[in-house]
Amino acid sequence: MAKDGVQYKIDSLINLVKETNPEADTEMIMKAYELANNAHKGQKRLSGEAYIIHPVSVAYILAEYRMDTETIVAAILHDVIEDTSYTYEDIKSLFNEQVADLVEGVTKIGKIDYQSKEESQAENLRKMVLAMSKDIRVVLIKLVDRLHNMRTLEYMREAKQIEKSRETLDIYAPIANRLGIQTIKAELEDLALKYLDPEGYYDLVKQVKMKKQVREDYIDKVIVILKKAIDEVGIKTEKIYGRSKHFYSIYRKMKAQNRNFDEIYDLIAVRVIVDSVKDCYGVLGIVHTQWKPIPGRFKDYIAMPKPNLYQSIHTTVIGPNGDPFEIQIRTKEMHETAEYGIAAHWKYKEGKTGGSSKELRYESKMSWLRQILEWQKELDNANDLVETIKVDLLNEEVYVFTPKGKVVELPMGSCPLDFAYRIHSDVGNSCVGAKVNGKIVPLNYTLANGDIVEIMTAKNANGPSRDWLNFTKSAHARNKIRQYFKKEEKEENIIKGRTALEREIKREGLADTKLASVSELEVVSDKMGYKSLSDFYAAIGYGGIKIGNVFQKMRLLFPKEFPEPEEEVVVKKSVKNKKTKSSIIVAGYNEIDVRFSKCCNPVPGDKIVGYITVGRGISVHRTDCPNVLNITDPGRIVDVEWNKYGIGGSFTAEIHIKAREKQGLLIEISKTFIDLDIPLTALTARSERGEFDYFSATFEVKTKRELNLLIKNLNKIPEIINIHRV
């Protein structure tokens, strides 16, 4: 009698575990299966198959990576706490605390929704980081859980397919790469591409298939030549074989370099597995004797391993037919680490106590994880942490040296300032110059692998410049620069806020009351949600809270301190008439003159605020207008809003454009205005050293949406570098 799908799956899992890890506790695995099978009884996947197929499949993939018993058991149980009546305590009593912790860890990460608000996204990624810090196996289970879900994504609706594929490409694949598990990373990327750009994916599959035989014949030819040359010098090889680039890797290269498929020459690589590090360099010498190496395409990851522990020698040479191809040389242990990544850490761990030298080496090299934990303490909010993780940890890296030979890893494209802030924030803040390989370079110089970087500092340095934010690559450096200015500006805002509040207290005749004392102001500060009086003053200083609101809170907290008015003054506020012809509604004022400020030219859709002028009514500004931000008398600020029923006519706006010099660019810019039917009132241009063109455009728009559409279309012109609204 044929076995059903579920029975076949669990039998296959047990057989695989016995084969790959004879010391594993298969009785515990079967016990977990029986519990999960009963707990998920009646539950179905979107494909229609029994739900238990999914956790068993996840466990099977982890068994292929030779994971320990606890990880496989936790994989089978990973949805039990979340989707059934079983609790953490149940799992702990039925199995052990380690299994319960792993299951709870996967449950706590939850279903990450990267289409949600940024703060929610940030907090979910923070959960991933915390889970990794406690037990990396939690994230391994989560990665494989995502891998199996991606393999069966065809049963979801299209919108969900795109959403899951995008978060897989943005988060899960880079984390797999960071953990060194290249096989999972490659498959996740290919599966995501299949749904994000199906046309591009299937076209690529077709083109790869068409030339498959040609590539295989070429690889076979290279292997025969190489093996003969290696055998002649007596080096023993474990294996020599060809490896093709995975689809997403080809796709990304085509997009990044704007090439056709036929223009991608390094679609294949030959991999050589040898016994020792000495043999790796011996084979390298043979390869370079046999074929001419391409300058700049040699990478020694044995001498300088990647943070995910990847080690190998890569060299690109001109092959037998004049076509370039890559050769990768590594030992058997390096190959295992490259394939399994951090999962290789548990291969021989089953049933052992204490840490082997290999395990300790593995732990010591996971310094990037400790770096995340440090960043968590330093950064003010989760969004900053997410930006830092995505940019600094989940992107490609560049490796440079300190003058003393220490390796520093930075995101690709980093400059000396990124290096300076990675050493220490004080080094970055006091940086006045940099040397690379002994030569003075600009601070925006792009660092390359192997550069020796020296930072020049000065005690009397002026501190960072805001321009540094435009060319620093690492989120870590940018966060440190922002923190510096936030601290500097806070001191100014504290003085500004305290001065404004003291002036208003005097103006209201309250200088001789308790309200002028620090203790009472601390009570007000606390009740308004501020941790300290300094934060309270700073908020007033930068406009985060209006003095009018402060006095309202004071009146509620200390009503006896306020003198009774000599006579009751009744102020009749206008009812907001939605059908008024005015474009602006002023809260609390009737029949008052309103004019739009020329310093910031607000248009419908902008956030706005009103300023009471002397004898000229209310001047309407954008909330980000410098003239508003620098107002010293907050009492003259009033709330205003756009009246959606009364807006009509056109509003003046102005933009500045920086572009690479090109003949006819002025005509292209003018044509964009004409195509969108936006009337230009002025357009001027100037050139700078035959390199850049600068344009100033003044025009009329009806709404901010129309303005944004214009900027979006102008940005499609390749030569335009940036557009700044005045």
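Reading the values: the criteria
Residues numbered from 1 in each chain as written. Predicted model: local features only at pLDDT ≥ 70, side-chain atom pairs only at ≥ 80, totals over all residues. Heavy atoms only, no water. Pairing = 2+ DSSP bridges. Helix = DSSP H or I, 4+ residues; strand = E, 2+ residues; numbered from the N terminus. Axes fitted to C-alpha atoms, helices over the stretch in contact; angles between N-to-C directions. Core = buried A, V, L, I, M, F, W, Y, C linked by side-chain atoms within 4.5 Å. Buried < 20%, exposed > 50% of the residue type's maximum accessible area, 1.4 Å probe, protein only. Contact = heavy atoms within 4.5 Å. Left-handed = near helix turned anticlockwise from the far one by under 90°. Nonpolar A, V, L, I, M, F, W, Y, C, P; charged D, E, K, R; others polar. Polar contact = N/O pair within 3.5 Å; in protein donor to acceptor, adjacent residues only side chain to side chain. Parallel < 35°, antiparallel > 145°, perpendicular 65-115°, else oblique. Expected span 1.5 Å × (residues − 1). Salt bridge = Lys/Arg side-chain N within 4 Å of Asp/Glu carboxyl O. Arc of directions from axis to C-beta.

**Student:** Describe the sheet that holds strand 5 (residues 324–331), with residues and values.
**Tutor:** The strands making up a sheet are joined through hydrogen bonds of the backbone, oriented either antiparallel or parallel. Read across the open sheet, the five strands follow the order 1-2-5-4-3; overall the sheet is mixed. The sheet is open, and its two borders are formed by strand 1 (237–244) and strand 3 (292–300), each paired with just one other strand. When strand polarity is set aside, the average angle formed by the axes of neighbouring strands in this sheet is 20 degrees. Relative to strand 2 (residues 268–274), strand 1 runs antiparallel, the two sharing seven bridges.

**Student:** Residues and numbers for the nonpolar core, please.
**Tutor:** Ranked by size, the top nonpolar core spans 73 residues in total, and within it Leu13, Leu77 and Phe95 carry the most contacts. The biggest single contributor to this core is helix 9 (residues 136–151), with nine residues. For phenylalanine 95, the contacting residues outside a window of four places in its chain are Met28, Lys31, Ala32, Leu35, Val73 and Leu77. Formed by 29 residues, the second largest nonpolar core is a distinct cluster that contains Ile655, Ile678, Ile717 and Ile720.

**Student:** How would you summarise the packing of helix 9 against helix 11 (residues 182–196) if you had to cite specific residues and measurements?
**Tutor:** Look at helix 9 against helix 11: their axes get within 10 Å of each other, and the N-to-C directions meet at 35 degrees. Considering only the axes of helix 9 and helix 11, their crossing is left-handed. Facing Val144, Arg146, Leu147, Met150 and Arg151 of helix 9, the residues of helix 11 in contact are Ile184, Glu187, Leu188, Leu191, Ala192 and Tyr195. A class-by-class count of the residues in the contact of helix 9 with helix 11 yields eight nonpolar, no polar and three charged.

**Student:** Give me the lowdown on the environment of serine 532, citing residues and values where you can.
**Tutor:** Relative to the helices and strands, serine 532 is located in the loop between helix 24 (518–527) and helix 25 (533–542). Judged by its relative accessible area of 28%, serine 532 falls in the partly exposed class. The sequence separation of serine 532 and glutamate 522 amounts to ten residues, and the corresponding C-alpha distance is 7.3 Å. Within polar-contact distance, the side chain of serine 532 engages the backbone nitrogen of aspartate 535 at 3.2 Å.

**Student:** Tell me about the sheet that holds strand 19 (residues 692–701), and name the residues and values.
**Tutor:** Overall, antiparallel pairing links the four strands, which are arranged 18-19-17-20 in an open sheet. In the strand order of this sheet, the two ends are held by strand 18 (680–688) and strand 20 (720–725), each with one partner. Across the sheet, the mean angle separating the axes of adjacent strands is 15 degrees when strand polarity is ignored. Where strand 18 meets strand 19, eight bridges bridge the pair, whose relative direction is antiparallel. Across the sheet, the residue bridging to alanine 682 is threonine 698, located in strand 19. Contacts from helix 28 (residues 665–675) reach strand 17 (651–660), strand 18 and strand 19 within the one sheet, and its direction differs from that of strand 19 by about 20 degrees. Along the sheet, helix 29 (residues 704–714) contacts strand 17, strand 19 and strand 20; its crossing angle with strand 20, the most-contacted strand, is approximately 165 degrees.

**Student:** Let's hear about the packing of helix 1 (residues 5–20) against helix 2 (residues 26–39): which residues, and what values?
**Tutor:** Viewed as axis vectors pointing N to C, helix 1 and helix 2 meet at an angle of 160 degrees, and their least axial separation amounts to 11 Å. By the angle between their directions, the pair helix 1 and helix 2 is classed as roughly antiparallel. For helix 1 against helix 2, the interelement crossing comes out right-handed. Here Val6, Ile10, Leu13, Ile14, Val17 and Lys18 of helix 1 come into contact with helix 2, specifically with Thr26, Ile29, Met30 and Tyr33. Per-class residue counts for the contact of helix 1 with helix 2 are eight nonpolar, one polar and one charged.

**Student:** Kindly report on helix 1, identifying the contributing residues and their values.
**Tutor:** An ideal rise of 1.5 Å per residue puts 22 Å on 16 residues; helix 1 measures up with 22 Å between its terminal C-alpha atoms. Three or more residues of helix 1 are buried, namely Val6, Ile10, Ser12, Leu13, Ile14, Leu16 and Val17.

**Student:** With reference to specific residues and values, describe unusual backbone geometry.
**Tutor:** Even without being glycine, asparagine 437 reaches a positive phi, approximately 55 degrees. By secondary structure assignment, the location of asparagine 437 is in the loop between strand 8 (431–436) and strand 9 (439–441). Relative accessible area serves as the criterion here: at 45%, asparagine 437 is assigned to the partly exposed category. Phi is positive for aspartate 677, close to 60 degrees, though the residue is something other than glycine. Its location among the elements puts aspartate 677 in the loop between helix 28 and strand 18.

**Student:** Before we move on, could you go through the pattern of salt bridges and cite the residues and values that matter?
**Tutor:** The full count for this structure, using the stated rule, is 15 salt bridges. In this structure, the salt-bridge partner of glutamate 668 is lysine 662, at a minimum N-O distance of 2.7 Å. Bridged by salt links that share partners, the residues Arg146, Lys164 and Glu167 form one connected network.

**Student:** Lay out helix 29 with the relevant residues and their values.
**Tutor:** Turning to helix 29, its buried residues number three or more, namely Glu706, Leu707, Leu710, Ile711 and Leu714. Angular distribution of buried residues about the axis of helix 29 spans 140 degrees; they occupy a single face of the element. Those residues of helix 29 that are exposed and angled more than 90 degrees off the buried face are Arg705 and Lys712. At its buried positions, helix 29 is contacted by strand 17, helix 28, strand 19 and strand 20.

**Student:** Summarise the pairing of strand 17; cite the residues concerned and give the values.
**Tutor:** Side chains Phe651, Ala653, Ile655, Ile657 and Ala659 project from strand 17 onto a buried face, and the interleaved Thr652, Glu654, His656, Lys658 and Arg660 project onto a face without burial. Inspection of the sheet shows strand 17 paired to strand 19 by ten bridges, in the antiparallel sense. Residue alanine 653 lies in a different strand from strand 19, and its bridge partner there is phenylalanine 699. Strand direction decides the pairing type here: strand 17 and strand 20, joined by five bridges, are antiparallel. Note that in strand 20 the partner of histidine 656 across the bridge is histidine 724.

Note that every value here comes from positions in space, so none of it alone points to a role or purpose.
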